[in-house]
Amino acid sequence: QVQLVESGGGLVQAGGSLRLSCAASGRTFSRYAMGWFRQAPGKEREFVAAIRWSESSTYYGDSVKGRFTISRDNAKITVYLQMNSLKPEDTAVYYCAADANVQRPTIAVATAYDHWGQGTQVTVSS
């Protein structure tokens, strides 16, 4: 029911910052969860961050905690991922995901989400 459009990826030097955006269109629901995952070539999809829409509860993967921040704009049904202190290991395709009823125990599990964006490339150079 929902479509996700991502933007904001690009090339950045180590230590720099980027902000990714994910705009949702179509029908959305009050208890949606939206999250960010990333996948580098040859590696498994990794949880980055997520937010539960109704209560704004946020969750972060250990590798990005303290550096990345997820936030939302309720009026625009958009989530953002502010990425600071970027490292070369952050290089990956970043995907936005959404689901109408993701529960807390599975909020970091990719298979719990039904809707995915197209992905946006983030490349951090040394």
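Please refer to the structure placed before this passage.
Note that the structure is a prediction, hence the values are computed from the model and not measured.

Draft legend 1. Seen up close, unusual backbone geometry. With phi around 50°, Ile77 is a residue other than glycine that occupies positive phi space. Among the structural elements, Ile77 can be located in the loop between β7 (68-73) and β8 (78-83). One non-glycine residue with positive phi stands out, namely Ser85, at about 50°. In this structure, Ser85 sits in the loop between β8 and β9 (92-99).

Draft legend 2. Looking closely at the pairing of β8. Of all the 6 residues making up β8, 5 are buried; the element is thus mostly covered by neighbouring parts of the structure. By the bridge criterion, 6 bridges tie strand β3 (residues 18-26) to β8 in an arrangement that is antiparallel. Within β8, the position partnered with Ala23 by the bridge is Thr78. As consecutive antiparallel partners, β7 and β8 are separated by 4 residues, and within that stretch Ile77 has a phi angle of approximately 50°, a positive value.

About the cut-offs
- Residues numbered from 1 in each chain as written.
- Predicted model: local features only at pLDDT ≥ 70, side-chain atom pairs only at ≥ 80, totals over all residues.
- Heavy atoms only, no water.
- Helix = DSSP H or I, 4+ residues; strand = E, 2+ residues; numbered from the N terminus.
- Buried < 20%, exposed > 50% of the residue type's maximum accessible area, 1.4 Å probe, protein only.
- Pairing = 2+ DSSP bridges.

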